[in-house]
Amino acid sequence: MDFTVDIFSKLDKEWALLAAGSPEDHNAMTVSWGGMGTLWGKPVVTVYVRPNRHTYGYMEREEYFTLSFYPEQYRKALSVMGSKSGRDCDKDAEAGLTAVKAGESIGYKEAEVTLVCRKLYHSDLEADKIPQEIIDYCYGSDPIHRMYIGEVVDIIRR
Ligand SMILES: Cc1cc2nc3c(=O)[nH]c(=O)nc-3n(C[C@H](O)[C@H](O)[C@H](O)COP(=O)(O)O)c2cc1C
């Protein structure tokens, strides 16, 4: 598997979609926090999901998830996926994205690259281990993220 990116800007600047479920029953949301690297000798991605996201329930339920990347022309679609909730509307339709099967999970036809991941680990970030200025800046009354680490089992290119 070959995936060469600028690791510090790929998620932060370009964003990605985190999706879980099947083409018939899934949810996806925009993410810009996460990591890519190696753990237990495996290629892994790490993502951080607040428990109040609709996507969270799918991340909890499913064994696999995908992290997918898009050409710049889909920036508006990613804004929709990152500002509306699948709880309230058909986000795929509003964003103009087409859900497709991606390995054991779901991805989107419009993606340039889709990383198919098998959940290996999860853990809630603990407030007392986070510097106070970050708590003040990122949390307030919002719930703290759950971290998921997934093994990248496949890379699908358009
Ligand atoms: C650029 C961008 C990056 C985001 N990154 C994250 C993230 O890393 N983790 C997270 O929990 N929410 C993140 N969000 C917020 C969710 O995408 C947003 O709340 C979304 O509407 C949740 O949808 P859902 O309720 O259908 O899951 C981000 C939003 C944007 C616009």
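These numbers come from a predicted model, not from an experiment. (Residues numbered from 1 in each chain as written. Predicted model: local features only at pLDDT ≥ 70, side-chain atom pairs only at ≥ 80, totals over all residues.)

Colleague: Mind showing me how you'd approach the overall build of the protein here?
Modeller: Each helix and strand counted, the protein has five helices and nine strands in total. Mapped in sequence order, the helices and strands of the protein form the string α-β-β-β-β-α-β-α-α-β-β-β-α-β. The C-alpha atoms of the protein give 15 Å as radius of gyration, which agrees with the globular expectation for 158 residues (15 Å, within 12%). When the backbone C-alpha atoms are referred to their principal axes, the protein occupies close to 40 × 40 × 30 Å. Among the 158 residues that make up the protein, the fraction classed as buried is 30%. (Helix = DSSP H or I, 4+ residues; strand = E, 2+ residues; numbered from the N terminus. Rg over C-alpha atoms; globule rule 2.2 N^0.38 Å. Buried ≥ 20, exposed ≤ 12 C-beta atoms within 10 Å, placed from the backbone.)

Colleague: I keep staring at the site of the ligand and nothing clicks. Help me out?
Modeller: Lining the immediate surroundings of the ligand are 20 residues, of which His54, Thr55, Gly82, Ser85 and Gly86 lie closest. At four residues, strand 2 (residues 26-31) tops the list of elements feeding residues into the shell around the ligand. Split by residue class, the shell around the ligand holds six nonpolar, 10 polar and four charged. (Near = placed C-beta within 6 Å. Nonpolar A, V, L, I, M, F, W, Y, C, P; charged D, E, K, R; others polar.)

Colleague: Help me understand the sheet that holds strand 3 (residues 34-39), please; the structure alone is not making it clear to me.
Modeller: In sheet architecture, strand pairing relies on hydrogen bonds along the backbone and comes in two forms, parallel and antiparallel. As summarised here, the arrangement of the seven strands in space is 2-1-5-8-9-4-3, forming an open sheet in which the pairing is antiparallel. The open sheet has two free edges, formed respectively by strand 2 and strand 3, since each of these has just one partner strand. Strand-to-strand twist across the sheet, computed as the mean angle between neighbouring axes with direction ignored, equals 35°. Taken strand by strand, helix 2 (residues 54-61) contacts strand 1 (16-21), strand 2, strand 4 (42-49), strand 5 (64-69) and strand 9 (146-157), and its axis lies near 115° from that of strand 2. (Pairing = 2+ DSSP bridges. Axes fitted to C-alpha atoms, helices over the stretch in contact; angles between N-to-C directions. Contact = placed C-beta atoms within 7 Å.)

Colleague: Sorry if this is basic, but what is going on with unusual backbone geometry here?
Modeller: Trans is the prevailing form of peptide bonds, just as negative phi is the prevailing case for residues other than glycine. Phi angles above zero are rare outside glycine, and Trp15 is one such case at about 70°. For Trp15, the location among the structural elements is in the loop between helix 1 (10-14) and strand 1.

Colleague: Hey, could you run me through the nonpolar core in this one?
Modeller: Side chains of nonpolar character tend, in soluble globular proteins, to be buried together. Grouped together as the largest cluster of nonpolar side chains are 34 residues, with contacts concentrated most on Leu17 and Leu18. Per-element tally for this core: the top contributor is strand 1, with five residues. Excluding its chain neighbours within four sequence positions, the residues that come into contact with Leu18 are Ala28, Met29, Val31, Val47, Thr55, Phe65 and Leu67. (Core = buried A, V, L, I, M, F, W, Y, C linked by C-beta atoms within 7 Å.)

Colleague: Explain the environment of Asn27 here, please?
Modeller: Its location among the elements puts Asn27 in strand 2. What Asn27 contacts, discounting residues up to four positions off in sequence, is Ala20, Gly21, His54, Thr55, Tyr58 and Gly86.

Colleague: Sorry if this is basic, but what is going on with the environment of Lys10 here?
Modeller: With respect to the secondary-structure elements, Lys10 resides in helix 1. Using a count of 17 C-beta atoms within 10 Å as the deciding quantity, one classes Lys10 as partly exposed. Each C-alpha atom, one on Lys10 and one on Met147, is 19 Å from the other, the two residues being 137 residues apart in sequence.

Colleague: I tried to follow the pairing of strand 4 on my own but got confused; where do I start?
Modeller: Consecutive residues of a regular strand have side chains that alternate between opposite faces of the sheet. Pairing of strand 3 with strand 4 involves six bridges; the strand directions are antiparallel. Bridge pairing in strand 4 links Gly37 to Val44. Hairpin connection between strand 3 and strand 4: a loop of two residues separates the two successive antiparallel strands, and Trp40 in this loop has a positive phi of roughly 50°.

Colleague: How should I be thinking about the environment of Tyr148 in this particular structure?
Modeller: One can find Tyr148 in strand 9. Separated by 103 residues in sequence, Tyr148 and Val45 place their C-alpha atoms 8.2 Å apart. Those residues within four positions of Tyr148 in sequence are excluded, and the remaining contacts are Val47, Val49, Met59, Lys119 and His122.

Treat this as a map of the structure, not an account of what it does.
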